[in-house]
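Summary of the model geometry
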Amino acid sequence: QVQLVESGGGLVQAGGSLRLSCAASGRTNSNYVMGWFRQAPGKEREFVATINKWFSVIYNTDIAKGRFTISRDNAKNTVALQMHNLNPEDTAIYYCAAGPKLVGAQSQYDYWGQGTQVTVSS
């Protein structure tokens, strides 16, 4: 079993920045991709970004372009999401997930963290 724990969420003013982190533990698979999803109140969970062990990435450009950067540390089994120029529409619970394929479809991810709340005030 794999456990994922997110950290770094909080309250930030519009235009500000946050860096989210996710640590994997347990029976981790170094070949798994690690990604970020988010769910805003009243909306479906949506894909944000994902990255594999060779540092190939896929972004949801509607969300991430020019603002978000995903990274990972294979030795530490961690993944991060650096977010800049946040706006109130970014307010959501952000989830870390792990799975075998570099895709944005949440159904392909096997393990999920509990989520961390990001709130952006106007």
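See the structure printed just above.
Residues numbered from 1 in each chain as written. Predicted model: local features only at pLDDT ≥ 70, side-chain atom pairs only at ≥ 80, totals over all residues. Heavy atoms only, no water.

What follows deals with the sheet that holds strand β1 (residues 2-7). Sheet architecture is open: four strands sit in the order β1-β3-β8-β7, paired in antiparallel fashion. Among the strands making up the open sheet, the edge pair consists of β1 and β7 (68-73). Recorded for the sheet is a direction-independent mean angle of 15° between the axes of neighbouring strands. (Pairing = 2+ DSSP bridges. Helix = DSSP H or I, 4+ residues; strand = E, 2+ residues; numbered from the N terminus. Axes fitted to C-alpha atoms, helices over the stretch in contact; angles between N-to-C directions.)

For Arg67, the position within the fold is in the loop between α1 (61-64) and β7. On the accessibility criterion, Arg67 (13% relative accessible area) is buried. Sequence-distant contacts of Arg67, defined by excluding residues within four places in its chain, comprise Gln82, Met83, His84, Asn85, Leu86, Asn87 and Asp90. (Buried < 20%, exposed > 50% of the residue type's maximum accessible area, 1.4 Å probe, protein only. Contact = heavy atoms within 4.5 Å.)

Another point: the environment of Leu18. Note on placement: Leu18 falls in strand β3 (residues 18-26). Under the relative-accessibility criterion, Leu18 is labelled buried at 14%. Sequence separation between Leu18 and Phe68 is 50 residues, and the spatial gap between their C-alpha atoms is 9.7 Å.

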